[in-house]
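Here are the chains, one letter per residue:
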Amino acid sequence: MAMTASSPAPAGASHSESERSPFARLNELLAPYSPGKPMITLAVGEPQHPVPGFVGPVLAQHIADFGRYPAAKGIEPFRKAAAGWLARRFALPRAIDPEHEIIVLNGSREGLFFAAHAALRHVGPRRGKPAILMPNPFYPVYGVGARTAGCDSIYLPTTRDNGFLPDLDAIDEATLARTVAVYIATPANPQGSVASADYMRKLVQLANRWGFLIFSDECYSEIYTRQAPGSMLEHAGPDYQNVVAFQSLSKRSNVPGMRIGFAAGDRRFLAAFHELRNVAAPQVPVPLQHVAVSAYGDEAHVEENRRLYRAKFDLADQIIGNRYGYQRPDGGFCVWLDVTERGGDEDVTVRLYRDAGVRVVPGSYLARPQADGFNPGLGYIRLALVADASSTGEALHRLVEVLR
């Protein structure tokens, strides 16, 4: 198995194919078949737990605010609530300044996309063609952001051998010298790996030495069953130079349809980011920001959310056991299973859908081939444990029965 430390997209690879939605590809794969049993979908990472009870009343209270354009930066109460939550949740080097070090986002996805564009101008000239580094597999918006910003996408393979996190020691200096930014997800999607404090410090040291930005995607930070994951902000200097953390309420508070989150960190970058978003990005409706103020002030619904996921991972522990390389993840709500010996990821995905009515995602659709052709997601399937416990347990039993 090839273990290239970092590589750009394969020469001649089609951008349109490599950047397509994995779910569009999944639809095409399964189109010739019908589910063999009433369908249970574990494919899309869309939280299905109840929406918090405060959402409706807060929206109703601020309904008139839909009648005005929101400021791109975010309302002051939102920025203060986000900064206050960060201070309570993480061991920060100092309190985040809500005036200059927080900016509201339409969920983390659009922020991660626009950040690549702002980064290119912010960091200045590179030695060689500018590049943006990302784990492989990765959230597809990383690659699209890098390409539309005019940067090379450099894929850092994440495998069982490296703990499903990019091997920082294997990145050569020529690559680091032309790096504009590094996307890192902790907890990782799809494997659920969490970067240690030492790992985060090492990445921050590289960023400061080579002058690139770290875009730390932390949208799964509140979904865990054991130890609470840390934040890259905890390991930045007191000015948060070169570090930007991205957060979202979609997973934490079960409001994926609200599309609200924030970016926090390096104030110089966020000033440039704000200028770009002020003319190019969608604004966040003010009533939604008020809902977020309530969400960041309440932890009871978040703990209940974790309890529900914990119960489903307990089911996975019991039903899957030690099959398919299963390991209970450190964070997130996904399960990453090695089905290489059961026919491979596409074949297993089809069989689970056709014979068991269980919809999952082939791991190769969530990754890209390295320059040497190695796809780190090949042979894996991803399950998102977002359905209720009863449906999740039934789906896992069906999976084991089909793959036995």
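Here, the structure is the one placed above.
Residues numbered from 1 in each chain as written. Predicted model: local features only at pLDDT ≥ 70, side-chain atom pairs only at ≥ 80, totals over all residues. Heavy atoms only, no water.

(A) Representation of the overall build of the chain. In terms of regular secondary structure, the chain is built from 14 helices and 13 strands. Split into buried and exposed, the 404 residues of the chain put 58% on the buried side. Nonlocal contacts in the chain, meaning residues at least 24 apart in sequence, comprise 78% of its contacts between residues at least 6 apart. Total accessible area on the chain is roughly 15,800 Å²; 52% of this is exposed by carbon and sulfur atoms. Computed over 42 positive and 41 negative side-chain charges, the separation of the two mean positions in the chain equals 2 Å. (Helix = DSSP H or I, 4+ residues; strand = E, 2+ residues; numbered from the N terminus. Buried < 20%, exposed > 50% of the residue type's maximum accessible area, 1.4 Å probe, protein only. Contact = heavy atoms within 4.5 Å. Areas by Shrake-Rupley, 256 points an atom, 1.4 Å probe, with all protein chains shown as cover. Lys, Arg positive; Asp, Glu negative; His and termini not counted. Charge placed at Lys NZ, Arg CZ, Asp CG, Glu CD.)

(B) Quick look at the pattern of salt bridges. A full pass over the atoms with the stated rule returns 26 salt bridges. In this structure, the salt-bridge partner of Asp-314 is Arg-328, at a minimum N-O distance of 2.8 Å. Residue Asp-314 is found in helix H12 (residues 300-320), and its partner Arg-328 is found in the loop between H12 and strand E10 (334-338); the two are separated by 14 residues along the sequence. What makes Asp-314 partly exposed here is its relative accessible area of 32%. (Salt bridge = Lys/Arg side-chain N within 4 Å of Asp/Glu carboxyl O.)

(C) Quick peek at the pairing of strand E7 (residues 213-217). Burial analysis of E7 places 5 of its 5 residues in the buried class, which makes it a mostly covered element. The side-chain alternation of E7 yields two buried faces, one formed by Leu-213, Phe-215 and Asp-217 and the other by Ile-214 and Ser-216. Here strand E6 (residues 179-185) runs beside E7; their pairing, made up of 5 bridges, is parallel. Bridge pairing links Val-182 to Ile-214 in E7. Following the chain from E6 across helix H8 (residues 197-210) to the adjacent parallel E7, one finds a crossover that is right-handed. Bridge count between E7 and strand E8 (residues 243-248): 4 bridges; the pairing is parallel. Each bridged residue has a counterpart across the sheet, and for Phe-215 the counterpart in E8 is Val-244. (Pairing = 2+ DSSP bridges. Right-handed = clockwise from strand over helix to strand, strands pointing away.)

(D) Inspection of empty space enclosed by the protein at higher detail. Within this structure, the stated rule accounts for 2 cavities of 30 Å³ or more. For the largest cavity, the calculated volume is near 60 Å³. Forming the boundary of the largest cavity are 14 residues, of which Pro-135, Pro-137, Ala-185, Ala-188 and Gln-191 lie nearest the centre. In terms of residue class, the lining of the largest cavity is made up of 11 nonpolar, 3 polar and no charged. Here the residues of the lining of the second largest cavity are counted per class, giving 6 nonpolar, 2 polar and 1 charged. (1 Å grid on protein atoms, 1.4 Å probe; cavity = no way out; pocket = protein on both sides within 12 Å on 5 of 7 lines; lining within 4 Å. Points joined across faces, edges and corners; volume = space filled by probe spheres on them. Nonpolar A, V, L, I, M, F, W, Y, C, P; charged D, E, K, R; others polar.)

(E) Up close: the packing of aromatic side chains. In this structure the tally under the stated criterion is 19 aromatic pairs. Ring geometry for Trp-85 and Tyr-296: centres 5.3 Å apart, planes at 40°, overall tilted. Pair noted here: Trp-85 is in helix H4 (residues 76-89) and Tyr-296 is in helix H11 (residues 286-296), with a separation of 211 residues, a long-range link. Judged by its relative accessible area of 1%, Trp-85 falls in the buried class. Centroid distance Tyr-142 to Tyr-183: 4.4 Å. Interplanar angle 5°. Geometry classified as stacked. Here the residue Tyr-142 occupies a position in helix H6 (residues 140-148), and Tyr-183 occupies one in strand E6, the gap between them amounting to 41 residues. Of the two residues, Tyr-142 and Tyr-183, neither departs from the other in class, the shared state being buried. A connected cluster of aromatic rings, assembled from ring pairs, spans Phe-138, Tyr-139, Tyr-142, Tyr-155, Tyr-183, Phe-215, Phe-246, Phe-269 and Phe-273. Above the plane of the ring of Tyr-365 lies Arg-25, whose end atom (NZ or CZ) is 4.2 Å from the centre. Just above the ring of Phe-273 sits the side chain of Arg-277; from NZ or CZ to the centre is 5.8 Å. (Phe/Tyr/Trp six-rings, centres within 6.5 Å; stacked < 30°, edge-to-face > 60°. Lys NZ or Arg CZ within 6 Å of the ring centre and 35° of its normal.)

(F) Here's a closer look at the sheet that holds strand E12 (residues 361-362). If you trace the 3 strands from one edge of the open sheet to the other, you get E10-E13-E12, paired in antiparallel fashion. Pairing within the sheet leaves two strands with one partner each, and these edge strands are E10 and E12. The pairing of E10 with strand E13 (residues 380-384) spans 5 bridges and is classified as antiparallel. Its bridge partner being in E13, Val-335 is matched across the sheet by Leu-383.

(G) Focus on unusual backbone geometry. For the peptide bond that leads from Asn-136 to Pro-137, omega is 10°, which places it in the cis range. Residue Pro-187 follows Thr-186 across a cis peptide bond; omega there is -5°. Relative to the assigned elements, Pro-187 resides in the loop between E6 and H8. We note that Tyr-240 has phi near 60°; this positive angle belongs to a residue other than glycine. For Tyr-240, the location among the structural elements is in the loop between E7 and E8.

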